[in-house]
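Structural description and commentary
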Amino acid sequence: MRYSQRNHKGEYEHLTVSKDQALLEFLIENLKGQSKNKIKATLQGRGIKVQGKVVTQFDYPLKAGMRVSVSKTKKNDTFKNRFVKIVYEDQYLVVIEKNIGILSMALGRRSLNVKTILNDYFKKSHQKCTAHVVHRLDRDTSGLMIYAKDMETEKILEYNWHQIVYDRRYVAVLSGEIPQDEGTIKNWILESNPYVSESSPTDNGGKYAISHFHTLKRTTRHSLVEFRLETGRKNQIRIHASDLGYPVCGDPKYGNGDDPIHRLCLHAYVLCFYHPRTKEKMEFDTMIPVAFRRLFK
């Protein structure tokens, strides 16, 4: 069964792959009369299927004999939500980009959360599945997340997370001009209460946490920094940025009051993993938020 949104019969152009190559390269070669920007818009609009499943990756690897279906309209997605964007979907999982202001899962009966929104979408698109949470982002952190569609996929992801996810990066706006170009923060993080955690260079009974960082841009007031997680502790980047002396802007817990764009300046923008069922390499990235980039013009 296909779990992507469906168009009426006849609204696709079907192409057969004759040689191994990347998806975007194949589309540019075979969709005569269409500009590169239009083809990219169709990809981003979830209007391309490979072997019956929606694909949005420009560099998705094609093999000879595969079938590529191209929507005759720019968009092939009736799912619209201001808090959630579906980036990729197949029968086992869905990758989404979460906006700020929404929880990953329910916290109380009336809380706005991604899981409920996805379950509503699955129901409306006649899919017999449920969204299963396998990792979380804070309410005010935006970016990429995976949700499993069945218990088996959830368990594979949950129990093998560090073997399956091989690249997970965030971008943050930090308060102040950080002098280091790159570095690594290692310490123990103890969740002392449900709201605030404490870090220590020696074992404080908490969990060992490792973050690697790379400075992308600087001004005298702010720094744009990429963080790559080696471990995934609660509030890890926010704590480690504060430990560096350059906290994440807009952070009410670990920040210094610097709030230039009136939001937590943390975005999960790279997520790469081996598909838990097919073992394929799955690589996703999103744009650094425009509001972040404006601070460094």
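Structure report, in brief. Just so it is clear, the model here is predicted, and its values are computed rather than measured.

Bringing the nonpolar core into the picture now. Core analysis: the largest hydrophobic core is formed by 44 residues, its most contacted members being Val84, Ile96, Leu118, Tyr147, Leu174, Phe227 and Val248. At the level of elements, strand 7 (84–89), strand 8 (93–98), helix 3 (114–124), strand 10 (142–148), strand 11 (165–175), strand 15 (222–229), helix 6 (236–244) and strand 16 (266–274) are the ones that each hand at least two residues to this core. Grouped together as the second largest cluster of nonpolar side chains are 33 residues, Leu27, Tyr60, Ala148 and Ile164 included.

This structure, assessed with the given rule, holds six aromatic pairs. Seen in terms of ring centroids, tyrosine 121 and phenylalanine 122 are 5.5 Å apart; in terms of plane orientation they differ by 45°. Their pairing is tilted. Relative accessible area serves as the criterion here: at 0%, phenylalanine 122 is assigned to the buried category. Ring plane angle 50° and centroid distance 4.7 Å describe the contact between tryptophan 188 and tyrosine 208, whose orientation is recorded as tilted. Placement of the pair is tryptophan 188 in strand 12 (residues 182–190) and tyrosine 208 in strand 14 (residues 207–218), with a sequence separation of 20 residues. Using a relative accessible area of 33% as the deciding quantity, one classes tyrosine 208 as partly exposed. The rings of Tyr88, Phe273 and Phe284 are connected pair by pair, giving a single aromatic cluster. Here the basic side chain of lysine 281 rests over the ring of tyrosine 166, its NZ or CZ set 5.4 Å away from the ring centre.

We now examine the sheet that holds strand 1 (residues 12–16). If you trace the four strands from one edge of the open sheet to the other, you get 1-6-3-4, paired in antiparallel fashion. Lying at the two open borders of the sheet, with one neighbouring strand each, are strand 1 and strand 4 (53–54). Bridging between strand 3 (residues 48–50) and strand 6 (residues 67–71) involves three bridges; their strand directions are antiparallel. Among the inter-strand pairings, isoleucine 48 is bridged to a residue of strand 6, identified as valine 70.

Positive charge collects at one region of the surface, where Lys217, Arg293, Arg294 and Lys297 lie side by side. Among the structural elements, arginine 293 can be located in helix 7 (residues 290–294).

What follows concerns the pattern of salt bridges. Scanning the entire structure with this criterion turns up twelve salt bridges. A salt bridge links lysine 19 to glutamate 29; the nearest nitrogen and oxygen atoms lie 3.9 Å apart. Here lysine 19, found in the loop between strand 1 and strand 2 (21–22), pairs with glutamate 29, found in helix 1 (residues 23–30); they are ten residues apart in sequence, far enough to count as distant. According to the relative accessible area criterion, lysine 19 is partly exposed, its value standing at 41%. With a shortest N-O distance of 2.8 Å, lysine 149 and glutamate 89 are connected by a salt bridge.

Relative to the elements of secondary structure, aspartate 90 occurs in the loop between strand 7 and strand 8. One buried charge, aspartate 90, has no salt-bridge partner; the nearest side chain with opposite charge is lysine 53, at 4.4 Å. At 2.8 Å, the side chain of aspartate 90 and the side chain of tyrosine 88 are in polar contact. In this structure the side chain of aspartate 90 is engaged in a polar contact, spanning 3.0 Å, whose partner is the backbone nitrogen of leucine 93.

We now examine helix 3. Looking at helix 3, one finds that the buried residues are Val114, Ile117, Leu118, Tyr121 and Phe122. For helix 3, the buried positions fall inside an angular range of 135° around the axis, keeping them on one side. Away from the buried face of helix 3 by more than 90 degrees, exposed residues Lys123 and Lys124 are located. Those residues of helix 3 hidden inside the fold are in contact with strand 7, strand 8 and strand 10.

Leave glycine aside and you will find that most residues have negative phi; peptide bonds, for their part, are mostly trans. Despite not being glycine, histidine 126 has its phi angle at roughly 60°, a positive value. Mapped onto the fold, histidine 126 is located in the loop between helix 3 and strand 9 (132–133). One non-glycine residue with positive phi stands out, namely asparagine 235, at about 60°. Residue position: asparagine 235 is located in the loop between strand 15 and helix 6.

Next up on the list: helix 1. If you check which residues of helix 1 are buried, you get Leu23, Leu24, Phe26 and Leu27. The buried residues of helix 1 occupy an angular sector of 160° when projected down its axis, which confines them to one face. Tucked inside the fold, the buried residues of helix 1 contact strand 1, strand 2, helix 2 (36–44), strand 3, strand 5 (61–62) and strand 6.

Criteria and cut-off values
Residues numbered from 1 in each chain as written. Predicted model: local features only at pLDDT ≥ 70, side-chain atom pairs only at ≥ 80, totals over all residues. Heavy atoms only, no water. Core = buried A, V, L, I, M, F, W, Y, C linked by side-chain atoms within 4.5 Å. Buried < 20%, exposed > 50% of the residue type's maximum accessible area, 1.4 Å probe, protein only. Helix = DSSP H or I, 4+ residues; strand = E, 2+ residues; numbered from the N terminus. Phe/Tyr/Trp six-rings, centres within 6.5 Å; stacked < 30°, edge-to-face > 60°. Lys NZ or Arg CZ within 6 Å of the ring centre and 35° of its normal. Pairing = 2+ DSSP bridges. Patch = residues over 30% accessible without salt bridge, like charges linked within 9 Å, V, L, I, M, F, W, Y side chains within 5 Å. Areas by Shrake-Rupley, 256 points an atom, 1.4 Å probe, with all protein chains shown as cover. Salt bridge = Lys/Arg side-chain N within 4 Å of Asp/Glu carboxyl O. Lys, Arg positive; Asp, Glu negative; His and termini not counted. Charge placed at Lys NZ, Arg CZ, Asp CG, Glu CD. Polar contact = N/O pair within 3.5 Å; in protein donor to acceptor, adjacent residues only side chain to side chain. Arc of directions from axis to C-beta. Contact = heavy atoms within 4.5 Å.

Read these as layout, nothing more, since geometry by itself doesn't imply function.
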